[in-house]
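Spelled out from the first residue to the last, the chains are:
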Amino acid sequence: MSLQDRLINTERASLFIALLALLASLAGVFTLPVLDRDEARFAQASAQMVETGDFVDIRFQDQPRHKKPIGIYWLQSLTVAVTTGPEAREIWTYRLPSVLGAVLAALSAFWIGRRLYDHRTGVFAGALVSVTLLLASEGGIAKTDAMLAAMTGLSVLSLVEVWLAETPGKRRKWAVLMWVFVALAALIKGPVAPLMMGLAVLALCAIERRVIWLKVFFYWPGPLLAALIILPWLIGVQIVSGGTFLSEALGGDMAPKVTSGHEGHGAPPGSHLLLLPILFLPAIVSLPAGIASLIKDWREQTPDAQAARLLVAFIAPAWLLIELMPTKLPHYSLPIYPALAVVAGLGFVRWGRVERRWRLLGLGLLTLGGLLAAGVLIALGVRFHGALWAAYLVTGIMLVCGLAATFALYMRRYDLALIGLVVMGLSWHGLGRGVVAPSATLLFPSGQAVEHVVDLRELVPDAPLISTYTEPSFVFLTHGDVILRDADEITAELASGDLDFYSPRLYVFDLSRWSDQAAHMLRPMIQRACAVRLVDGFNYSRGEGTVLLIAATGCSPADAEPSGSTP
């Protein structure tokens, strides 16, 4: 059996794709420290659920977190409860649902491609998307987006099956499943997937100029199951929150993203398209060829024209939606990736049948994306003292694999080209996310600060921890046992002399939030402190350097460190 037969023309292809997605997503899961800000917020809220046993209300410390639905918190709570428990604060346990999401998203691309075209297209689609920079990276972070991509991909698969079903019974079965997947997606991230699928159905009706097929979605088990998935928790949280959850989630979180560049994340239309060469790497190489194939099928009304119309009906409105939204974050395009991967898989299969300009465009985008991806890792190594050797090694591997894939495509050896592209993606994740990023310790001051807090707590065992450093990663690593204070409030207490320097306390001051004059007012406290530590770092959430001052006060003179040891 040839290599191509072993990798592509086999029913074990689904296992091959799942393994690729698993390997790519797991890179960095065990080595990358907890990230700010969303990952740490999700993880802390999930940990509190397990600790308190309250699986309805979502809270970050004592504050309600009414931004996203409950789905990902339940999944994280489950994985944490059956592995380490919340007291361990091992971030990898909170990332496991995202790993599963990345695997399901890659498999959904495989299944969609196989159903719309053939087995080979499905394999190329699933394998390529499984190692893309965005999907695998989100698959290693404790957030909603990888699982949302999985549920959206399975929703698109259901729509494909409804559209192509030969019998009414099969059509109704898949319509019910589509309701279920859309409801699960809504339970994970609200209206994103329902809106995308709704636009896809409307676009398909407009393209085909018929609506009679829509009646299958009114088959009663589908809406009923969707309601049973969403409503029990939604009613419960509305009661617990005094009716404020929906107003805060929709009006306080979603509405500003739709109407303005929320929290400084605004960007012009077309930004997601410009990011595609790096985020969709290495699948970007065959995307232009796939687009050319869709255009040809549609224009010439080939037997695959129906598949082309269905893919366009989902991808085009969804992409237009994210481009028109004023708020833009890179992961907003991720739910579209399973369908987009099918287009890339089609381009791979038809590589030799498209015009040369499309192939050159794909190779140019592959080169551009590879240079950008390698540049990110080298910049991490140089700027933040990461493992520069690993960054250069990744660059070399990606260069060799890119050239090998290009030569294999030229020789029409698509199996070898696929291997080169997959190794290219895996090397970026394995060495980049797994080695370079974790070694850039300046990016993770929370971990160093917590180490000093644990050390100084021996001097003041029962002292409260008070911090003006408010990053969620610090809250997560301290088990939520920290009192967050505003820097201006502390400055006012310093100026008035009301800050208590004599009782047992542990303080963490984020000096980057203060003026030099305000920071100078800390000198009396430093002189009276039992011990003081400093941590230099870079706050990537704010895009600026930071200096953390950790001090213990109120210990007995016998326990105080010699003044010479104070920084």
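Refer to the structure presented above.
Residues numbered from 1 in each chain as written. Predicted model: local features only at pLDDT ≥ 70, side-chain atom pairs only at ≥ 80, totals over all residues. Heavy atoms only, no water.

A.B. asks: An account of the nonpolar core is needed here, citing residue identities and associated values.
C.D. replies: Formed by 144 residues in total, the largest nonpolar core has its most connected members in W213, F217, F280, L311, F314, Y337 and F348. Of the residues forming this core, the biggest block, 13 residues, is contributed by helix α8 (residues 145-164). The residues contacting F217, other than those within four sequence positions of it, are L159, V162, A175, M178, W179 and P223. Core analysis: the second largest hydrophobic core is formed by 22 residues, F60, L456, Y469 and L506 among them. (Core = buried A, V, L, I, M, F, W, Y, C linked by side-chain atoms within 4.5 Å. Buried < 20%, exposed > 50% of the residue type's maximum accessible area, 1.4 Å probe, protein only. Helix = DSSP H or I, 4+ residues; strand = E, 2+ residues; numbered from the N terminus. Contact = heavy atoms within 4.5 Å.)

A.B. asks: Account for the pairing of strand β5 (residues 505-510), with residues named and values stated.
C.D. replies: Sheet faces and side chains relate simply in a regular strand, where the side chains alternate between the two faces. Counting buried positions over the six residues of β5 gives five, a clear majority of the element. With three bridges joining them, strand β3 (residues 465-467) and β5 adopt parallel strand pairing. Residue pairing across strands places L465 opposite L506, the latter belonging to β5. (Pairing = 2+ DSSP bridges.)

A.B. asks: Residues and numbers for the state of the cysteines, please.
C.D. replies: Should the sulfur atoms of two cysteines be covalently bonded, the bond is a disulfide. A full pass over the atoms with the stated rule returns one disulfide. The disulfide partner of C530 is C555, and the S-S distance across this bridge is 1.9 Å. Where C530 bonds to C555 through sulfur, the torsion about that S-S bond is close to -135°, and the disulfide is left-handed. With a gap of 25 residues between them, C530 in the loop between α24 (523-528) and β6 (531-539) and C555 in the segment after β7 (544-553) connect regions that are remote in the sequence. Residue classification places C530 among the buried residues on the basis of a relative accessible area of 3%. The exposure class of C555 is buried, given its relative accessible area of 16%. (Disulfide = S-S within 2.5 Å.)

A.B. asks: Mind laying out the layout of surface pockets, listing which residues take part and the relevant values?
C.D. replies: In this structure, the largest pocket occupies an estimated 1800 Å³ of space. For the largest pocket, the lining is made up of 48 residues, of which D36, E138, I141, K143 and Y540 are closest to its centre. Of the residues assigned to the lining of the largest pocket, the class counts are 22 nonpolar, ten polar and 16 charged. Roughly 690 Å³ of volume is contained in the second largest pocket. (1 Å grid on protein atoms, 1.4 Å probe; cavity = no way out; pocket = protein on both sides within 12 Å on 5 of 7 lines; lining within 4 Å. Points joined across faces, edges and corners; volume = space filled by probe spheres on them. Nonpolar A, V, L, I, M, F, W, Y, C, P; charged D, E, K, R; others polar.)

A.B. asks: Give a detailed account of the sheet that holds β7, specifying residues and quantitative values.
C.D. replies: In spatial order, the strands read β4-β3-β5-β7-β6; together these five strands make up an open sheet with mixed pairing. Strand pairing shows two members of the sheet lacking a second neighbour, β4 (483-484) and β6, which therefore form its edges. Strand direction decides the pairing type here: β5 and β7, joined by six bridges, are antiparallel. For Y507, the partnering residue across the bridge sits in β7 and is A551. Seen against the sheet, helix α20 (residues 445-456) touches β3, β5, β6 and β7 and runs at an angle of roughly 170° to β6. (Axes fitted to C-alpha atoms, helices over the stretch in contact; angles between N-to-C directions.)

A.B. asks: If you had to explain unusual backbone geometry to someone new, which residues and values would you point to?
C.D. replies: Between D36 and R37 the backbone carries a cis peptide bond, its omega angle lying at -5°. Positioned with a positive phi, R209 is a non-glycine residue whose angle comes to about 55°. Summarising the element assignment, R209 is placed in the loop between α10 (192-208) and α11 (221-240). One non-glycine residue with positive phi stands out, namely R412, at about 65°. Assessed through its relative accessible area of 38%, R412 is described here as partly exposed.

A.B. asks: Please set out the packing of helix α13 (residues 271-279) against helix α15 (residues 305-324) residue by residue, giving values where relevant.
C.D. replies: Viewed as axis vectors pointing N to C, α13 and α15 meet at an angle of 110°, and their least axial separation amounts to 8 Å. Judged by the inter-axis angle, α13 sits roughly perpendicular to α15. Residue-level inspection shows S271, H272, L273 and L276 of α13 in contact with α15, the latter providing W319, I322 and E323. Partitioning the contact of α13 with α15 into residue classes produces four nonpolar, two polar and one charged. (Parallel < 35°, antiparallel > 145°, perpendicular 65-115°, else oblique.)

All we've got here are geometric facts, nothing functional implied.
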